[in-house]
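Single-letter residue listing:
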Amino acid sequence: MGIWLFYAQNLWLAPTILGLIVVVLAGEMIYYVNSINHKLARFLDSIRFLDFSSSFTSDSKMGGSFREVNKAFNEVMDVFKQTRAEKEEQMLFLQVIIQHINTGIISFNSEGKIGVINNAAKHLLQIPQFRDIKDLGKLSTKLLKEVIELKPGQRISFKVNNGLHLIIQSASLKMGGQSWTLLSLQNINAELQSNELEAWQNLTKVLRHEIMNSITPISSLVESLRTILDEDSYVQQEGFLIKKDGFQDIQEGLDTIANRSKGLVNFVNAYRDYTSIPEPKKELVSVKILFEQVLGLMREELKASKVDVQTEIIPQDLEVLCDPDQITMILINLVKNASESIQNQADRTICLKALGQGDMGTLIQVEDHGPGIIPEAQERIFVPFYTTKRTGSGIGLAISRQIMNLHRGSLQVSSVPNERTVFTLSFR
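Within each chain, residues carry numbers counting from 1 in the order of the written sequence. Only residues with pLDDT of at least 70 get local features here, since the model is predicted, and only at 80 or more are side-chain atom pairs given and counted; chain-wide, interface and lining totals rely on the full set of residues. Heavy atoms throughout the structure, all of them, feed into the side-chain values; hydrogens and water do not.

### Examining helix α10 (residues 324-341)
Part 1: In this text, helices come from DSSP runs of H or I with a minimum length of four residues, and strands from runs of E with a minimum of two, each type numbered from the N-terminal end. Multiplying 1.5 Å by the helix residue count minus one yields the expected span of that helix. A rise of 1.5 Å per residue sets the reference length of α10, with its 18 residues, at 26 Å; its end C-alpha atoms lie 25 Å apart and thus fit the reference within 8%.
Part 2: Turning to α10, its buried residues are P324, Q326, I327, T328, I330, L331, N333, L334, V335, A338 and S339.
Part 3: Polar contacts, as used here, are pairs of N or O atoms within 3.5 Å; protein pairs need one atom able to donate a hydrogen and one able to accept it. Residues neighboring in sequence count only if both atoms are side-chain atoms. Measuring from the side-chain oxygen of the N-cap residue of α10 to the backbone nitrogen of D325 gives 3.1 Å; that N-cap residue is D323. Think of it in three bands: residues with accessible area under 20% of the maximum for their type are buried, residues over 50% are exposed, and the middle band is partly exposed, with areas taken using a 1.4 Å probe on protein chains only.

### Some remarks on the sheet that holds strand β9 (residues 308-314)
Part 1: Overall, mixed pairing links the five strands, which are arranged β9-β11-β12-β14-β13 in an open sheet. The sheet is open, and its two borders are formed by β9 and β13 (410-416), each paired with just one other strand. The average undirected angle you get between the axes of adjacent strands in this sheet is 15°.
Part 2: Two strands pair under a simple rule: DSSP has to find at least two bridges between them. Here seven bridges tie strand β11 (residues 349-356) to strand β12 (residues 362-368), and the two strands are oriented antiparallel to one another. The partner of A354 across the bridge, within β12, is I364.
Part 3: In what follows, a contact means two residues having at least one pair of non-hydrogen atoms within 4.5 Å. Interaxial angles span 0 to 180 degrees and are taken between N-to-C directions of axes, which are lines fitted to C-alpha atoms, for helices over the stretch in contact. Running at roughly 130° to β13, helix α11 (residues 396-406) makes contact with β13 and β14 (420-427) of the sheet.

### Things to note about the environment of L144
Part 1: Among the structural elements, L144 can be located in helix α5 (residues 141-149).
Part 2: A C-alpha to C-alpha distance of 6.9 Å links L144 and K134, two positions ten residues apart in sequence.

### Observations regarding the sheet that holds strand β2 (residues 114-117)
Part 1: On the basis of which strands lie adjacent, the open sheet formed by five strands has the order β2-β1-β5-β4-β3 and antiparallel pairing. Edge positions in the sheet fall to β2 and β3 (155-161), since each of these pairs with one other strand and no more. The mean angle between the axes of side-by-side strands here comes to 25°, regardless of whether they run parallel or antiparallel.
Part 2: By the bridge criterion, three bridges tie strand β1 (residues 104-109) to β2 in an arrangement that is antiparallel. Of the residues in β2, the one forming a bridge with I106 is I117.

### Observations regarding helix α8 (residues 287-297)
Part 1: Taken as a whole, α8 has its buried residues at V287, L290, F291 and V294. When α8 is viewed along its axis, its buried side chains cluster within an angular range of 95° and face the same direction.
Part 2: Buried residues in α8 make contact with β8 (283-286), β9, β10 (319-322), α10, β11 and β12. Directions from the helix axis toward the C-beta atoms define the arc.

### Here we look at a nonpolar patch on the surface
Part 1: Side chains of F93, L94, I97 and I101 sit close together on the surface and give an oily, nonpolar patch of about 350 Å² of accessible area.
Part 2: Since its relative accessible area comes to 32%, I101 is described here as partly exposed. Residues with no salt bridge and a relative accessible area higher than 30% make up the patches, which join like charges within 9 Å and nonpolar side chains (Val, Leu, Ile, Met, Phe, Trp, Tyr) within 5 Å. The Shrake-Rupley method, run with a 1.4 Å probe sphere, supplies the accessible areas, and residue values consider only the shown protein chains as cover. Salt bridges are defined as contacts in which a side-chain nitrogen from Lys or Arg sits within 4 Å of a carboxyl oxygen from Asp or Glu.

### Some points on the packing of α8 against α10
Part 1: Where α8 contacts α10, the axes come no closer than 10 Å and their chain directions differ by 55°. Accordingly, the angle class assigned to the pair α8 and α10 is oblique. Considering how the two elements wind past one another, α8 and α10 form a crossing that is right-handed. Counted together, L290, F291, Q293, V294 and L297 of α8 and P324, I327, T328, L331 and I332 of α10 form the full contact between these two elements. Comment on the angle field: the value is read as roughly parallel under 35 degrees, roughly antiparallel over 145, roughly perpendicular from 65 to 115, and oblique elsewhere. Helix crossings get a hand from a simple test, with the near helix turned counterclockwise from the far one by less than a right angle marking a left-handed crossing and a clockwise turn marking a right-handed one.

### Digging into the side chain of E146
Part 1: Following the sequence through the fold, E146 ends up in helix α5.
Part 2: E146 has contacts with I156, F158 and R408, leaving out every residue within four places of it along the chain.

### With respect to the side chain of N118
Part 1: Relative to the elements of secondary structure, N118 occurs in the loop between β2 and α4 (119-125).
Part 2: The class for N118 is buried, based on a relative accessible area of 0%.
Part 3: Once residues lying within four places of it in the same chain are set aside, the contact partners of N118 are I98, Q99, I101, T103, G104 and I105.

Below you can see the structure in the form of C-alpha cells.
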C-alpha cells in the first residue's frame, strides 16, 4: 500500500507513516515472542534443575492470554513442588522405618560401595567405617565370599560366632542407572538355641523311651532268672543241677535279653548314622540320569511289588547342583516308602517329577496315591526315630531332611489322606 501511494500518487508522508507503524508492530511482536521464549526457557530450566521456587507474573499487562500462560506455569510449578515435597516425606518415612526395624538392611552397588546400612546391621556386624562390602571380610572372609556369590532371591545361613548366626537374603534392583544388591540380615541365634534346647529335650525323651524299653525287661528278666536258679536248682556231687522247666525258662529269658540288647545296639547305631552325615560333594548332575540311577537300583524291588514309576522332567535337560550319592539315597528312601504305602491300593503308580524354576531353583517331587499321612503326623515323621510303620528305625526321613539342609535346600511333605502324598525336595 505504501509503495503504491508513493509511486502512483506521488505521496511520501503516508507511506512513511505506514512504514513506521509496520516497524513498531514488528518490534512489539518480536518483544512478545522473546518474552514468551524467555519464560518458557526459565520454566523448562526450573524443571530440569528441580528448582521449583521460581514464579511467573500472573498480572501481566501484555494481555489476557499472557496472564493465562503465567497462571498455568505457576500451577504446574506448584504441582511439581507438592509432588517433590510428598516424595521427600515418603523418603524420610522410609528412612525412619529402615533405621528402626530389627532386621539388618545393607545395599551396595556393582562396585561394592555401600548405599544404605541401617542401625540393626551396624549393631549385628560391629564393623567400624563400613563403606564397602569388602569390609565384611574384617568379620569373616568366608562370609564375604558367600555374600558375593549370593544370587538374587537366594538365602543362606551362616554362623559367625557363638553369639551370631545370620540368615541372609538377597534381592537386586536398578536405581539411578546402577545395579544394586539389597541384603537383609537376621540373627537367629536365640531361636536356634531355643530350638536346640527343644531338640535335646525331644531326643532325651526318645533315648529315655528306647533305653527304658530295653533295660526294664532286661532288669526284670535278670531278677526272674536269679529266682529260677535259686528255686529250681540244687546241689549234687557232680555240681549244680536244674529242673527242665527252669532250664527252658532260663533259655527263653537269655534269648529275650539277647534280642533286646541287639535292638538297643541297633538303636545306638542308627543314632550314630543320623549324627555323622558327611558334607555333600556337590556337582552339576542331569536329573534324567539321576532318575535312571534310582530306578535302575530299585528295578527288581519295584517289579516284585508290581509298582509302576512314571517320570516327568521339565525341561528335559534339567540339571541340579547336588551330591548325587546323597540325593540318590533320599530318592530311593522316598520311592521305597511310597511303594510300601500303596501295596494295598488298586493304583500302584508313583510319579517322579522335576521342575526347573530358573532363579527360584529346582523342585524334585515323589508323588503317590496311597492312604496318605494324617495332618498330626506330617511334621513328626521327620523327627528322628519316629515311625508310622511296624518295622524300621524311623530315621530315614530325618536323615533325608538333614541332607537337604546340608544342600541349603528343604524337604517338605504335603498329604491329603486317601488322595495323594507328595514329598518335595527344593534346591536353591
